[in-house]
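Spelled out, the chains give:
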Amino acid sequence: VQHATEMLARVLRLRKYGNRSHFVCKIRLKHKKVSIMTDGWFNIIDMAQINLDTASPVRKSYVVLRECMKAMNRLRQEPDRYINIPYQASKLTNLLRECFLPGPGRQTATTVISNLSSNVTDLAETMDVCDYIG
């Protein structure tokens, strides 16, 4: 955990100079005493800021992540129905594929931490963030 914290701090310092890429930190959680228990993962994602001139791969990863999260919400609402989760459509969501693959005994939880603005000039960005949450 300390190594991941140091990496995240380094990336956040670099973000002062530009915000054109995503940062993904995957931490593997393993129980030392119980070998029967399955491993877990803790994923931290710092998403790149999107502007109108943002490169298409960065924009695509936002769109695909939003579609994956919406599909996961539909899957929770209708567990007996087949719902396609398009995690393979971008590199970011492919890295996070274990979060999107349902299966017996698999439990996933997603928490979105975001900055929202009450300023009218930031309304479009705030609404876009709220659209991710569903």
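Cut-offs used in this document
- One numbering rule holds for all chains: residues counted from 1, following each sequence as written.
- At least 70 in pLDDT is required for a residue's local features to be given in this predicted model, at least 80 for side-chain atom pairs to be given and counted, and no such filter applies to totals for whole chains, interfaces and linings, which use all residues.
- Hydrogens and water molecules were not included; the side-chain quantities draw on all heavy atoms of the structure.
- In these notes, a set of buried Ala, Val, Leu, Ile, Met, Phe, Trp, Tyr and Cys residues joined through side-chain atoms within 4.5 Å is what counts as a nonpolar core.
- Partly exposed residues are those whose accessible area sits between 20% and 50% of the maximum for their type, while under 20% is buried and over 50% is exposed, using a 1.4 Å probe and protein chains only.
- Only DSSP runs of H or I with at least four residues qualify as helices, and only runs of E with at least two residues qualify as strands; both kinds are numbered from the N terminus onward.
- In the analysis that follows, any N or O atom pair within 3.5 Å is treated as a polar contact, provided that within protein one partner can donate a hydrogen and the other can accept it, and provided that, for residues neighboring in sequence, both atoms belong to side chains.
- Note on contacts: a residue pair is in contact if any heavy atoms of the two residues lie within 4.5 Å.
- The working definition used for a salt bridge is a side-chain nitrogen of Lys or Arg within 4 Å of a carboxyl oxygen of Asp or Glu.
- Confidence per residue, as judged by the predictor, is encoded in pLDDT with a range of 0 to 100.

A. View of the nonpolar core. In this structure, Met47, Leu65, Cys68, Ile85, Leu92 and Phe100 are the most contacted members of the largest nonpolar core, which totals 16 residues. Sort the elements by how many residues they give to this core and helix H2 (residues 56-77) lands first, with nine residues.

B. Just the side chain of Thr93, in detail. Take Thr93: it is sitting in helix H3 (residues 91-95). Polar side-chain contacts of Thr93 include one of 2.9 Å to the side chain of Ser90. Apart from the residues within four sequence positions on either side, Thr93 is in contact with Val64, Leu65, Cys68, Pro86, Tyr87 and Phe100.

C. Molecular detail of the environment of Phe42. Note on placement: Phe42 falls in strand E2 (residues 40-46). Between the C-alpha atoms of Phe42 and Ala109, which are 67 residues apart in sequence, the distance is 9.9 Å.

D. Quick peek at the pattern of salt bridges. As enumerated under the stated definition, the model contains one salt bridge in all. Salt-bridge contacts for Arg81 lead to Glu78; the nearest nitrogen and oxygen are separated by 3.2 Å. Its relative accessible area of 32% is what places Glu78 among the partly exposed residues.

E. Region of the structure containing the confidence of the model for the protein chain. Per-residue confidence for the protein chain gives a mean pLDDT of 76, with 75% of residues at or over 70. Here helix H1 (residues 2-14) is the element of the protein chain with the lowest mean pLDDT, 73, and H3 is the one with the highest, 86.

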